[in-house]
Structure formats: structure tokens, C-alpha cells
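# An overview of the molecular structure
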Amino acid sequence: MAKKKTSAPKEQIGDLLHETRKFKPSAAFSKQANAKKAIYAQAKKNPVKFWEKMAGELVWKKKWSKALEWKAPDAKWFVGGKLNVTETCLDQHITGGRKNKAALIWEGEPGEKRTMTYQQLYRDVNKFANVLKSLGIKKGDRVAIYLPMIPELVIAMLSCARIGAVHSVVFGGFSPDSLRDRINDSECKMLITADGAYRRGQILPLKHDADISLQDCPSIENVIIVKRGDFLLRFKEGRDHWYHRLMQDADNYCKPTYMDSEDPLFILYTSGTTGKPKGIVHTCGGYLTGVYTTTKFVFDIKDDDIYWCTADCGWITGHSYITYGPLANGATQVIYEGAPNWPDEDRFWAMVEDYGVTIFYTAPTAIRAFMKWGREHPDKHKLDTLRLLGTVGEPINPEAWIWYNEVIGKKKCPIVDTWWQTETGHIMITPLPGVTPTKPGSATQPFPGIEAKILDENGKEVKQGGGFLAITKPWPGMLRGIWGDKKRFVDTYWSKWNDIYFPGDGAKIDKDKYLWVLGRIDDEVNISGHRISTMEVESTLVAHPDVVEAAIVGVPHEMKGKCLVAFVTLSGDTVPNEKYIQRLKDFVANKIGAIAKPEKIIFTADLPKTRSGKIMRRLLRDIAMGKVLGDTTTLADPDVLSRIKKRYEDD
Ligand code: WT7
């Protein structure tokens, strides 16, 4: 995997390369913005000093003695410093004037509403931290969280942080197998889940699914169940406990456990280029500094803002820009449990109007869905409270950017297109609202204190044109490793060039030094803003008794950005009909999760291979995209391709 030859995905570049429009910040926004132009130059002069100054705005028990210790690929930030991140996110607000300010404004999918002030959130986090302690959870223990988007998810994360336990949140849409693998990889001692969750009016039986996982999770000692509805479940006496029962008797105050700046705060799994997800490890001091600083300047958070990030805490966006960044800034935020089109396609806009949302952060895939559903849905609502819009997760096509700007932002809201990853912990490339002119489709420039460049295969800087995105200096929120796998950490991120971080994205830089991130160049596919490993789906498919061989490729999709096409060879005389295809797709969904479901399955007697037996995915991608075939001379059996191609065209 190290030094693997890779090339930028030309087919993804599309209309980005022809985009020339530029939008200047309005004087009115600039005047009130948290970020001023000088911040770029200040940070550039001495990035470490810039981050030190920002870290100084957090609550520390003991100040650090050294800001950065960098021995690639290992970074230590704020060495010797001690803190508990919940003191920045909660305690300081309780004593500093925000005690009665709304922290979370929650809406359930069926329509329930619940607001928690900072005082109420603080109380529940303290109580639940005591509950965790009473069930034997100690500093350094891993706790798995498998919950819907309800306040208890944020409470559970912060309660772990309060006592120094390491949380591992698993997105509620993941399957029992995926949950099991994640629990076992980091040997979690406890699981926090719910009886169920609402999604598009349906009930997801979370506890039922978790029970399947737990048949094979020897490290789990206790399970805490949040009662979300009135859903049936099996209750295992001794192991299972109701959240609300435990909370009744818990004490209102839990002394924070002080952590070393470099102690782990959480693990979050993301896909990798092999079948096995990677447990990305983030630590306390640097991560909190990064999310605090970026929330302040990129989202321009003020005390009277109502901020809404539509992500789920099962992903990094929810960790950094729901739980930690906004709360560190004392923000008021909306959180929502369900789907954007339930009960109608105007749900988000009804909520924006209802709560007077001022800052709205979502994914390009959602914006494309809004476009498809039609502007009559946002037009039904008063959106004039909005003052800033953001996007994350994948490149945004200029058409969607312009629509977002005009239909949602009414041409008066700056748009921040933020590039970052699970691994980077916080936003890395983004415009600063009120400062940086924007171009639709470009994430513009590195955030102050971040150094990003475009390099070629040999590590030479590309001043203008295409190449690989590279982060050339350490940053506070950088991942500190992959749980239990140092070699994979080095191979995946640090082996392409010397001492330079390789994020796995192709990108280009234009004459104004604007960065255009074009997408993944490895075996990962970004579907609706979430990463899926083609290897993981392939190994899942070949585990099916009928499947002899499978190859998965990612191809452009109108709504999802990318989708998966599977080429499958079946054993014996299985004749695939529509029902069979559906069953095979469901097999993948059940094993991994619905987002990994192939859009299309093509059956073929053989797969095109090189003489050494490697599946030629590039050719399969071309076929799946209906493109002219590339060079086929290295094929062991050239007929295979034309047969597959014909099959695809007949479909
Ligand atoms: C990958 C990271 C960061 C939180 C959500 C996804 C792609 C992300 C952008 C953007 C172009 C983007 C990249 C990256 N990506 N944001 N603004 N423009 N591409 O986190 O699941 O770790 O995925 O998402 O390909 O590597 P993730």
C-alpha cells in the first residue's frame, strides 16, 4: 500500500475546472465577523504561536510546558498541559453567564420538542458520568455509543469525557456486524444504546440489533438503554439497565477527571482501503483547540446565534461541530433526529423558520436532494434569519453551490465550503466568512495555522494545476494513530512522501492559489458524503455462498455524488432475477449498513484481470460509466471485457 501509484480521478473533475465566478464578502458581514484579514498573516508568521494563543482561550487545569513536539508522524500538542474538555464545554458557561442559555434545541422526527439549557445539560452530564462510574467505567476504558440523534447522545459523549473514558460512537445506521467489529476492535466495556429510533416514520430497532452484535462481544459488561419510545425489547437482567432508572439516583455533581493534553478523548471508525475499518484516535488538548478555533472563525458563532449542523454524531462532523466545537463556544444549537423529507420535503426549512436558525451547515448531497425536490419547499418558509451557510463531506458542484446561495441564502449569506476528514479532526481548508472571497466548488484556502499544498507523485510542489492534496505541517486536531495498528497508520498516511500527511484526495490549485478538492484517489468511495471502502463491500459480497468473485467500483451519481456498481461472478447455475439482485443488495446492507448497498449489480462469467491476476477496476469503472474502453492489452482474456460491456449496455 505504501508508495502506491495513484492518479487523480479525471472523471470527477467535471465542471469544477471551468468555474470562474468569484463572490466577494459583503462589507456588512465583514464588519461584524469574528475573523479579520490579519489572522492569515499572523498565523502564517508563527502557526504554533497562533494555536497556542487559541488554546489559551480554553479552560486548563495546568498550562502546557511546550506547545508542540513533532517527530513525524507523531505529534504532541500542549505537552504537559492538563484539562478536562467538559470544563470548557460546560462548567465555564455555568459560572460565566450562560447558565440559563439554551445549549440544545432538539426536535424528534415525530415532532417532539425539547430544549436543554447549559445548566440542564451540565446536570445530566454530571449525573450520567456518575452512573458510568458506578458501573465500573474508569479513565481510559472504551465505551461504545449506538444511539439516535437525541440529546442523550451528546450527554453520553460528554459524560465519558467527564471521567476520562474513551467514547466510540457507532452510527445508528450501521449493521449489527459493523457494531460488533467496532466494539471488539477497541474492546469496549460498555454499550450505550436505545430501545429504538425513528427514521422516515419507521422504527429502527437499535437494541434488537445491538443484541445480535453482543452475542459475540466478550468485553461488554453492561448495557445502558435510553428509552426513546415504547418499543419492544429483550432485557437481559444483570447486564442491561434503563438510563432513566440509573439517572434517578445519580448525584448531581461529578468531579472532572483531569487528563493529559495527549490522553485519548475518543475513537471514531472510518473506512479504509482494506476491508477493516480504522479506529481513528483523537486526543484532548489539541483536538479541542482545533474544533473551538474553527467553530469560532468559520461559523462566526456569536452568543445570539442559532446554529444548526444537520450531521449525526455518528460521524466526525457531529463530534466536532455538534458536541465539542459549538459547546466549547457556548453556542445555542438545533439538533434533529430524523430525515429531511419527513413528513414533507420542507421539514428543514420549517425548522429554520420555527427556531430562527442563523447558521446552517449541511452536505452537498442534501443540497442536491433539496434541488430535486424543488424550490417551492424552501419558498414556503421565511428563511431570512439565515446569515451563514456551510457545506462539508464532498466536493460541491457549482450548480448546487449557486442554488444554495440563491434559494436558501438569498444571495446574502457567505457560503463556507469546508474540507476536512475524520482524521484531521477539524476543518482544514475553508473560506473565512467576511474575509475570503469564494468561488463555487472551491474550498478556497487553508485555515490559518494550517499548511496545505498540492504535490506530485514525487513530493514536488505543483504551483498551478492538478496533483495530490498534502498537509505539510502538523496541526492540533490531527489523528494520533489508528487504534492498535501503528503500521497501518504509517502506511496509510505517512508513506507517500517524507513526513507529510497524505489525506487520499486529488486536488488542483488555480492561478489565485485557490484549492479545488476533486475527491478520493484510493479505493474509498464517497457516497452521500460518507466514506465506504470498496474492499469492505467486496469482501462482504464474496462471503455470500453464491458469490465466487466480486469487484466494486465507484461511479458518479446525480444525488449521492458517487455510488457503487458491483461486478459479480456467481457460482454454479444461480440465475439472478430481480428478486435475487435485491436480496444480494440487502445482504450487503445487512452486513455493513444501508449506505454500502450497491446501486447496481452486473453479473459476469469472468472479471477482467491483468496477467498477474489483479482485477482491473479502472476498466470496470469505464464500463460502468459507459465510457470508451482504455488500453486492454494486458488482459488475460480480452473477450471478457467486451462481454461485460455488452451485458452492461443491455441492462
Ligand atoms: C473525505 C473525508 C469531514 C467530515 C465529513 C466527511 C471528502 C470532505 C469535502 C469538501 C471536497 C470533501 C474528501 C475527504 N470531503 N469535505 N468540502 N470538498 N471533498 O468525513 O468521512 O472522513 O470523509 O470527504 O474526500 O477525504 P470523512
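Predicted model, so just to flag it, every value in this text is computed and none were measured. (Residues numbered from 1 in each chain as written. Predicted model: local features only at pLDDT ≥ 70, side-chain atom pairs only at ≥ 80, totals over all residues. Heavy atoms only, no water.)

With that settled, consider the pattern of salt bridges. Within this structure, the stated rule accounts for 52 salt bridges. A salt bridge links aspartate 91 to arginine 162, with the nearest nitrogen and oxygen atoms 2.7 Å apart. You can see aspartate 91 sitting in helix α5 (residues 85–95) and its partner arginine 162 sitting in helix α7 (residues 151–163), a full 71 residues away along the chain. Take aspartate 91 and arginine 162: they sit in the same class, and that class is buried. Here the salt bridges share partners, and the residues they tie into one network are Lys278, Glu423, Arg520, Asp522, Glu524 and Arg531. (Salt bridge = Lys/Arg side-chain N within 4 Å of Asp/Glu carboxyl O. Helix = DSSP H or I, 4+ residues; strand = E, 2+ residues; numbered from the N terminus. Buried < 20%, exposed > 50% of the residue type's maximum accessible area, 1.4 Å probe, protein only.)

Before going further, it helps to examine the sheet that holds strand β7 (residues 166–169). Overall, mixed pairing links the eight strands, which are arranged β12-β11-β8-β6-β7-β14-β15-β23 in an open sheet. Each edge of the open sheet carries a strand with a single partner, namely β12 (240–242) and β23 (481–482). Inspection of the sheet shows β7 paired to strand β14 (residues 264–270) by two bridges, in the parallel sense. Its bridge partner lying in β14, serine 168 is registered against isoleucine 267. Contacts from helix α9 (residues 206–214) reach β6 (142–146), β8 (190–194), β11 (222–226) and β12 within the one sheet, and its direction differs from that of β8 by about 155 degrees. (Pairing = 2+ DSSP bridges. Contact = heavy atoms within 4.5 Å. Axes fitted to C-alpha atoms, helices over the stretch in contact; angles between N-to-C directions.)

The next subject is the sheet that holds strand β4 (residues 102–107). If you trace the seven strands from one edge of the open sheet to the other, you get β5-β4-β17-β16-β18-β19-β20, paired in mixed fashion. The strands lining the two open edges of the sheet, one partner per strand, are β5 (113–117) and β20 (415–418). Here the strands of the sheet are splayed against their neighbours by 20 degrees on average, with no regard to which way each runs. As defined by bridge partners, strand β19 (residues 388–392) adjoins β20 across four bridges and the pair is classed as parallel.

What follows deals with the packing of aromatic side chains. What describes a pair of aromatic rings is the distance from one ring centre to the other and the angle between the planes of the rings. A complete count under the given rule lists 41 aromatic pairs for this structure. Three or more aromatic residues joined by ring pairs form one cluster here, namely Trp308, Tyr336, Phe348, Trp349, Phe360, Phe370 and Trp373. Residue placement shows lysine 227 over the ring face of tryptophan 242; its charged tip is 5.4 Å from the ring centre. Geometry around phenylalanine 502 places lysine 496 over its ring, the cationic atom sitting 5.0 Å from the centre. (Phe/Tyr/Trp six-rings, centres within 6.5 Å; stacked < 30°, edge-to-face > 60°. Lys NZ or Arg CZ within 6 Å of the ring centre and 35° of its normal.)

Turning our eyes to something else, we now look at empty space enclosed by the protein. With the rule as written, the count across this model stands at two cavities of 30 Å³ or more. Its boundaries defined by the atoms lining it, the second largest cavity holds a volume of some 30 Å³. Lining the second largest cavity, in full, are Asp185, Lys276, Pro277, Lys278, Gly279, Ile482, Trp483, Asp485 and Arg488. Residues of the lining of the second largest cavity, tallied by class, amount to three nonpolar, one polar and five charged. (1 Å grid on protein atoms, 1.4 Å probe; cavity = no way out; pocket = protein on both sides within 12 Å on 5 of 7 lines; lining within 4 Å. Points joined across faces, edges and corners; volume = space filled by probe spheres on them. Nonpolar A, V, L, I, M, F, W, Y, C, P; charged D, E, K, R; others polar.)

It is worth spelling out the site of the ligand at this point. In the neighbourhood of the ligand, 18 residues make up the surrounding shell, with Asp417, Thr418, Thr422, Asp505 and Arg531 lying closest. Take threonine 422: an N or O atom from its side chain is 2.6 Å from an oxygen atom of the ligand. Contact distances for the ligand include 2.7 Å between an oxygen atom and a side-chain N or O atom of aspartate 505. Summarising the interface, the protein chains cover 96% of the accessible area of the ligand, which totals 550 Å² for the free molecule. Sorting the residues of the shell around the ligand by element identifies α12 (316–328), β20 and β25 (515–520) as the ones contributing at least two each. (Near = heavy atom within 4 Å. Polar contact = N/O pair within 3.5 Å; in protein donor to acceptor, adjacent residues only side chain to side chain. Areas by Shrake-Rupley, 256 points an atom, 1.4 Å probe, with all protein chains shown as cover.)

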